[in-house]
Amino acid sequence: TELFRQAFRRYATTVAVLTYQDSADLASGMTATSICSLSASPPSLLVCINKETRAHAEIIGRGAFGVNLLSVEQRPIALHCSRSGGDKHLREDWLAEDVAAGATPRLVGALAHLELQIDRTYEAYSHTMFLGLIQSVWLNPVDAPPLLYHGGTYGQLETAAERTERFHWELRAD
């Protein structure tokens, strides 16, 4: 089990936060590490959620969830939503105000938000695989760097200035 975890810590990915309305109708979130696109026709994706999490029961109860791909500035949201056993309610200032009634919460500053309906689920060991059909996609018009997860820590891609500086140092080394 530990080797499995260590191996997948070497897999770099964009950080995603699943958003949903809990049973008290409060906006809540969960940082997700097991998510992937499935098909463009119909637009769909897979998300794996541990059966012991609060989010698991809440998402099944609603039959819908949102996927927010985070930008670097949203690291505090990723940390808040990843704490095991912690409060997963989302702060008002993290939430977009222009969300339609009945839609899942969208995070302000996310790179993209996908609205999903659960099509079917598959039980596998400690998790449930949710096959979600994408109902709508919102893309942020601002081009921001993604928040990445690798090696057990959050990070970001090298900026254009950092690449240029590295390139100049590599030229000098030759």
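Described in the following lines is the structure provided in the data block. Quick caveat, the model's predicted, so the values are computed rather than measured.

**A closer look at the overall build of the protein**
Here comes step 1: The helix and strand tally for the protein stands at four helices and ten strands.
Here comes step 2: In sequence order, the secondary structure elements of the protein are arranged as α-β-β-β-β-β-α-β-α-β-β-β-β-α.
Here comes step 3: Principal axes of the C-alpha set define a box for the protein whose edges measure 60 × 40 × 35 Å.
Here comes step 4: Burial analysis of the protein (174 residues in total) assigns 36% to the buried set.
Here comes step 5: Across the protein, the fraction of contacts at a sequence separation of at least 24, relative to all contacts at a separation of at least 6, is 64%.
Here comes step 6: Summed over all atoms, the accessible surface of the protein reaches about 10,700 Å², with 55% contributed by carbon and sulfur.
Here comes step 7: Placing the 15 positive and 20 negative side-chain charges of the protein at their respective mean positions leaves the two points 6 Å apart.

**Concerning the packing of aromatic side chains**
Here comes step 1: Counted according to the given criterion, the structure contains four aromatic pairs.
Here comes step 2: Considering the side-chain rings of Phe-8 and Tyr-11, the 6.2 Å spacing of their centres and the 65 degrees angle between planes classify their relative orientation as edge-to-face. Each member of the pair Phe-8 and Tyr-11 is classed as exposed.
Here comes step 3: Above the ring of Trp-138, the side-chain terminus of Arg-106 is found at 4.0 Å from the ring centroid.

Criteria and cut-off values
- Residues numbered from 1 in each chain as written.
- Predicted model: local features only at pLDDT ≥ 70, side-chain atom pairs only at ≥ 80, totals over all residues.
- Heavy atoms only, no water.
- Helix = DSSP H or I, 4+ residues; strand = E, 2+ residues; numbered from the N terminus.
- Buried < 20%, exposed > 50% of the residue type's maximum accessible area, 1.4 Å probe, protein only.
- Contact = heavy atoms within 4.5 Å.
- Areas by Shrake-Rupley, 256 points an atom, 1.4 Å probe, with all protein chains shown as cover.
- Lys, Arg positive; Asp, Glu negative; His and termini not counted.
- Charge placed at Lys NZ, Arg CZ, Asp CG, Glu CD.
- Phe/Tyr/Trp six-rings, centres within 6.5 Å; stacked < 30°, edge-to-face > 60°.
- Lys NZ or Arg CZ within 6 Å of the ring centre and 35° of its normal.

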